[in-house]
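Working through the structure, step by step
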Amino acid sequence: MKSESSPSVFDRLAAGEHVHILAPDYRREVHGEIARCRHLCFLVNSTDPADAARIGELEDELLGPRAEGTFLTPPFQIDCACRVKLGRNVFANHGLTVMSVGGIVVEDGVMMGPEVALLTVNHDPHDIRVIMTGAIRLCKNAWIGARATILPGVTVGEGAIVASGAVVSKDVPPHTVVGGVPAKVIKEIPQ
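Since the structure is predicted, the reported quantities are computational estimates derived from the model, not experimental observations.

Conventions we followed
Residues numbered from 1 in each chain as written. Predicted model: local features only at pLDDT ≥ 70, side-chain atom pairs only at ≥ 80, totals over all residues. Heavy atoms only, no water. Helix = DSSP H or I, 4+ residues; strand = E, 2+ residues; numbered from the N terminus. Rg over C-alpha atoms; globule rule 2.2 N^0.38 Å. Contact = heavy atoms within 4.5 Å. Areas by Shrake-Rupley, 256 points an atom, 1.4 Å probe, with all protein chains shown as cover. Lys, Arg positive; Asp, Glu negative; His and termini not counted. Charge placed at Lys NZ, Arg CZ, Asp CG, Glu CD. Expected span 1.5 Å × (residues − 1). Buried < 20%, exposed > 50% of the residue type's maximum accessible area, 1.4 Å probe, protein only. Arc of directions from axis to C-beta. Pairing = 2+ DSSP bridges. Disulfide = S-S within 2.5 Å. Salt bridge = Lys/Arg side-chain N within 4 Å of Asp/Glu carboxyl O.

Observations concerning the overall build of the protein chain
Helix and strand counts for the protein chain come out as three helices and 19 strands. Since a compact globule built from 191 residues should have a radius of gyration of about 16 Å, the 17 Å found for the protein chain is in line with a globular shape. Counting only C-alpha atoms, the protein chain reaches 55 × 45 × 25 Å along its principal axes. In the protein chain, once contacts between residues fewer than 6 apart in sequence are set aside, the share between residues at least 24 apart is 28%. Taken as a whole, the protein chain presents about 9,900 Å² of accessible surface, with 56% of it coming from carbon and sulfur. Charge centroids of the protein chain, computed over 18 positive and 22 negative side chains, lie 4 Å from each other.

Laid out in structure tokens, this is it:
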């Protein structure tokens, strides 16, 4: 049993520790959160889109009270919503996939196209049951194009644009456009 003073698995991962997915504390803490989120995502995704009030209630239960103007378009999948922080006026189109055990911060005004993937988890190549994480940060007014994938540890700078289909494995400078696999800077956005 975890003592009151010992850090949570989420805290240990955030501090850079690698954790075995079969460890009892991982199974208890992380799998418990995943089960909670899967259930709530199922409820959101199966609610009539015309019932915006019910979807809003369920999203608040999943993520905590949403900031003003923030909207996630169902269907979506979020595995560890307790590790996601959303700013104001954030928009995500349908098909969002969020693997957030490593932590995700989405700042004000970020927009995400259909089928964006935010992935904070990777596996040790010597033991695939050991995970390591890297937090993702999408800075203010970033725009993530359809089917883009943001990998662990990446920060997308303020006002940056990630082209559709890009796989982003390194930080994106503010006010630039990146694209490709792996994503590279295509151009700067004039201020």
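Some remarks on helix α3 (residues 52–63)
An ideal rise of 1.5 Å per residue puts 16 Å on twelve residues; α3 measures up with 16 Å between its terminal C-alpha atoms. Where α3 is concerned, the buried positions are Ile55, Gly56, Leu58, Glu59, Leu62 and Leu63. One side of α3 carries all its buried residues, which in axial view fall inside an arc of 165°. In the core, the buried residues of α3 are packed alongside α2 (24–45), β2 (71–72), β3 (76–78) and β4 (84–86). Within two residues after α3, Gly64 carries a phi angle of roughly 90°, on the positive side.

A closer look at the sheet that holds strand β6 (residues 96–99)
The sheet built from five strands is open, its strands ordered β3-β6-β9-β14-β17 with parallel pairing. In this open sheet, the two edge strands, each paired with only one partner strand, are β3 and β17 (167–168). Here β6 runs beside strand β9 (residues 117–119); their pairing, made up of three bridges, is parallel. Residue pairing for β9: Thr97 is matched across the bridge by Ala117.

Topic: the state of the cysteines
Tallying each qualifying case throughout the model produces zero disulfides. As a non-bridged cysteine, Cys82 has Cys80 as the owner of its nearest cysteine sulfur, 5.7 Å distant. Residue Cys82 is classed as partly exposed on the basis of its relative accessible area of 41%.

Quick word on the sheet that holds strand β19 (residues 184–188)
Pairing is mixed in the open sheet, where seven strands are placed in the order β2-β5-β8-β13-β16-β18-β19. On the outer flanks of this sheet lie β2 and β19, each paired with one strand and no other. As paired elements, strand β13 (residues 143–144) and strand β16 (residues 161–162) share two bridges and run parallel to each other. In the sheet register, Ile144 faces β16, and the bridge partner there is Val162.

Describing the pattern of salt bridges
Using the criterion set out here, one finds ten salt bridges in the structure. The residue Glu115 makes a salt bridge to Arg147 at a minimum N-O spacing of 2.5 Å. Pair noted here: Glu115 is in the loop between β8 (111–112) and β9 and Arg147 is in the loop between β13 and β14 (149–150), with a separation of 32 residues, a long-range link.

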